Amino acid sequence: MPGLVDWLDPHVERYLLLSEDEYIVQEVYKHWMASIAAWLRLAVAVPVLVSSWASEPPLFWVLLLVSSAVALQALYSIADEYRDRFVITNQRVFRVHGTLSVQRASVPLGRLLDITVKKPFVGRIFNYGHFVFESAAQVQGLSEVRFVRDIDARDRTLQETMQRAGLRATAPQLADDGT
């Protein structure tokens with residue numbers, strides 16, 4: 001019987017173009033900092049929910065309803081962040097996200113014109129950052145991917161994948177005589 005984590009997994013492999021020999025180079029989960037606010041809300045809501053049973057009506061109902069709503073919203077937010085995946089394949093980058101409704105956006109590697117890596121101060125401390133993509137498409141569904149863990153390694157993987165695909169110019173090799 002599948003567990004909760006398996007049920008929440010977006011199963012990105014189902015979106016691969018197997019007939020075109022596409023394969024996953026790297027599937028990137030969001031950094032835990034993306035859901036820290038939701039975890040904090042949950043940490044406050046659960047004790048309030050439990051302690052509401054010691055209260056008399058109407059305070060009981062107010063605490064019960066408000067803490068339940070906050071806890072449910074926090075759980076939904078945590079699940080939503082967990083399901084948000086950025087995938088680097090040998091042919092494209094794509095993002096799958098959403099809990100109740102799923103959204104996908106992809107850009108072929110050949111259409112990526114510029115990749116900007118943003119590392120905020122807190123991101124430098126906790127080792128995460130954000131990708132900003134500029135592509136040849138006028139309207140782009142994949143422009144920013146936030147809270148990418150170990151952003152430098154992910155950028156290196158992306159650059160190496162583009163290099164292997166022949167999409168980045170290589171430095172000219174010098175002849176033995178130095179010319």
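Residues numbered from 1 in each chain as written. Predicted model: local features only at pLDDT ≥ 70, side-chain atom pairs only at ≥ 80, totals over all residues. Heavy atoms only, no water.

**A word on the packing of aromatic side chains**
For clarity, the cut-off: Working definition: a ring pair exists when centres of Phe, Tyr or Trp rings (six-membered ring for Trp) sit within 6.5 Å. Plane angles under 30 degrees give stacked, over 60 give edge-to-face, the rest tilted. The helix count covers DSSP runs of H or I at least four residues long, the strand count covers runs of E at least two residues long, and both are numbered beginning at the N terminus. With a 1.4 Å probe rolled over the protein chains alone, any residue whose accessible area is under 20% of its type maximum counts as buried; one over 50% counts as exposed, and the rest are partly exposed.
According to the stated counting rule, one finds eight aromatic pairs in the structure shown. Geometrically, the ring pair formed by Tyr29 and Tyr82 is tilted, given 6.2 Å between the ring centres and 50 degrees between the ring planes. With Tyr29 in strand E1 (residues 24-29) and Tyr82 in helix H3 (residues 59-83), this pair connects stretches of sequence that are 53 residues apart. What makes Tyr82 partly exposed here is its relative accessible area of 27%. Among the aromatic residues, those joined into a ring-pair cluster are Trp53, Phe60 and Trp61.

**Things to note about helix H2 (residues 36-51)**
In an α-helix, one turn spans 3.6 residues; hence positions three or four apart end up facing the same way. Defined as follows: The span you would expect from a helix comes to 1.5 Å times its residue count less one. This arc is taken over the directions from the axis of the helix to the C-beta atoms. In this analysis, two residues are considered to be in contact whenever any of their non-hydrogen atoms come within 4.5 Å of each other.
Compared with an ideal rise of 1.5 Å per residue, which puts 16 residues at 22 Å, H2 spans 23 Å between its outermost C-alpha atoms and is within 8% of the ideal. Taken as a whole, H2 has its buried residues at Ala38, Leu42 and Ala45. End-on view of H2: buried residues confined to an arc of 75 degrees, all on one side of the axis. Turned more than 90 degrees away from the buried face of H2 sit Leu40, Ala43 and Val44, all of them exposed. On its buried face, H2 is in contact with H3.

**Digging into the pairing of strand E4 (residues 103-108)**
Our working definition: Here a strand pair is declared whenever DSSP counts at least two bridges between the two strands.
Note that strand E3 (residues 92-97) and E4 share six bridges and pair antiparallel. When the sheet's bridge partners are listed, Val93 is paired in E4 with Val107.

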